[in-house]
Amino acid sequence: MEIHAYEKLWLALALVLIVGFIGTITYGAAGAGIEMIDDEGGTVDPATLDQHPKFGDPGIERTGENSYDVYVVARQFVFEPGTTEPLRVPAGSTVTFHVTAADVIHGFEVVGTNANTMAIPGQVSEFTVQFEEAGEYGILCNEYCGSGHHVMEGKIVVMEQGEFDSWYEQQQAQGEAEN
Ligand SMILES: [Cu+2]
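All values derive from a computational prediction rather than experimental measurement.

**A few points about the sheet that holds strand 6 (residues 106-110)**
Part 1: Here we have five strands laid out as an open sheet, ordered 4-10-9-6-7, and mixed in their pairing. Unpaired on one side and paired on the other, strand 4 (87-90) and strand 7 (116-119) mark the two borders of the sheet. Direction aside, neighbouring strands of the sheet carry axes that sit 25 degrees apart on average.
Part 2: Bridge count between strand 9 (residues 135-140) and strand 10 (residues 153-159): six bridges; the pairing is antiparallel. What sits directly across from G135, in strand 10, is V158.

Listed below in structure tokens is the structure:
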């Protein structure tokens, strides 16, 4: 069978395109530094979040020498913590976020990084990041969640370890005084 030269070229280009598409999709899902968020975070009851041992009083918790857990509740139209007070984390540590929503679907995006998840009522999104240097990051809701969506934002303050430690101890002491 005779195949015209142009048709051969067309077939070759189509093949390159298909391989290219598969390549970019694979990279987007499993490339360097890219981690998909799955259902490993588990579930919670959004109706009783206030009584939840972690989400009832969300914030940061030391879990090891250099590792921390952060619990965040997104609700119309704030991040707790993040909006009324910044979310404070130490530089150079491993921070695992646990993000959920109290009412409707929200987004939790750390601006300028690839830390980005949906916050879904009943579901806990879990991901781990490291903030290398002290500084500030914005948090944005990137899922339309109602009339105040465009003002739903927050802040992460990455502090030097020493500075963070004294803030953290003060928080712990305050918490104990309240209980
Ligand atoms: Cu929102």
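**Section: the coordination of the copper ion**
Each pair of donors in an ideal four-coordinate tetrahedral metal site encloses 109.5 degrees, whereas pairs in an ideal six-coordinate octahedral site enclose 90 or 180 degrees.
Part 1: Looking at the metal site, the copper ion is ligated by H106 (ND1), C141 (SG), C145 (SG) and M152 (SD), spaced 2.1 to 2.4 Å from it.
Part 2: Every donor counted, the four donor atoms about the copper ion form angles of 96 to 124 degrees at the centre, which fits tetrahedral coordination.
Part 3: Counting the intervening residues between successive donors of the copper ion yields the motif H-x34-C-x3-C-x6-M. Of this pair, H106 sits in strand 6 while C141 sits in the loop between strand 9 and strand 10, and the two are 35 residues apart along the sequence. Like H106, the residue C141 is buried in the burial classification.

**A few points about the domain arrangement of the protein**
Part 1: If you check the domain split of the protein, you get domain 1 (1-34) and domain 2 (49-178).
Part 2: In this structure, domain 1 and domain 2 have C-alpha centres spaced 41 Å apart.

**Overview of the UniProt feature "domain: Cytochrome oxidase subunit II copper A binding" (unreviewed entry) in the protein**
Part 1: Taken from the UniProt record, the annotation "domain: Cytochrome oxidase subunit II copper A binding" (unreviewed entry) applies to residues 65-170.
Part 2: Along residues 65-170 the backbone is 9% helical and 49% strand, and the end-to-end C-alpha distance reaches 18 Å.

**Let's talk about a nonpolar patch on the surface**
Part 1: Taken together, the side chains of Y6, L9 and L13 make up a nonpolar region of the molecular surface, amounting to roughly 370 Å² of accessible area.
Part 2: Among the structural elements, L9 can be located in helix 1 (residues 5-30).

**Quick word on the pairing of strand 1 (residues 60-64)**
Part 1: Here four bridges tie strand 1 to strand 2 (residues 67-75), and the two strands are oriented antiparallel to one another. By the bridge assignment for strand 2, G64 is matched with S67.

**So, a negative patch on the surface**
Part 1: On the surface, a cluster of negative charge is contributed by E35, D38, D39 and E40.
Part 2: Secondary-structure assignment places E40 in the loop between helix 1 and strand 1.
Part 3: By relative accessible area, which is 63% here, E40 ends up exposed.

**Section: the pattern of salt bridges**
Part 1: Going through the model one piece at a time under the given rule, you end up with five salt bridges.
Part 2: In this structure, D50 and R75 form a salt bridge, with 3.9 Å as the shortest nitrogen-oxygen distance. In this pair, D50 is assigned in the loop between helix 1 and strand 1 and R75 in strand 2, connecting sequence segments 25 residues apart.
Part 3: Owing to a relative accessible area of 58%, D50 belongs among the exposed residues under this scheme.
Part 4: You can call R75 partly exposed: its relative accessible area is 25%.

What counts and how
- Residues numbered from 1 in each chain as written.
- Predicted model: local features only at pLDDT ≥ 70, side-chain atom pairs only at ≥ 80, totals over all residues.
- Heavy atoms only, no water.
- Pairing = 2+ DSSP bridges.
- Helix = DSSP H or I, 4+ residues; strand = E, 2+ residues; numbered from the N terminus.
- Axes fitted to C-alpha atoms, helices over the stretch in contact; angles between N-to-C directions.
- Donors = N, O, S within 2.8 Å, 3.2 Å for Na, K, Ca; no water.
- Tetrahedral: all angles 85-135°; square planar, octahedral: opposite > 155°, others 65-115°.
- Buried < 20%, exposed > 50% of the residue type's maximum accessible area, 1.4 Å probe, protein only.
- Domains from an automatic or database assignment.
- UniProt positions renumbered as here; feature names shortened; annotations may be inferred.
- Patch = residues over 30% accessible without salt bridge, like charges linked within 9 Å, V, L, I, M, F, W, Y side chains within 5 Å.
- Areas by Shrake-Rupley, 256 points an atom, 1.4 Å probe, with all protein chains shown as cover.
- Salt bridge = Lys/Arg side-chain N within 4 Å of Asp/Glu carboxyl O.
- Lys, Arg positive; Asp, Glu negative; His and termini not counted.
- Charge placed at Lys NZ, Arg CZ, Asp CG, Glu CD.

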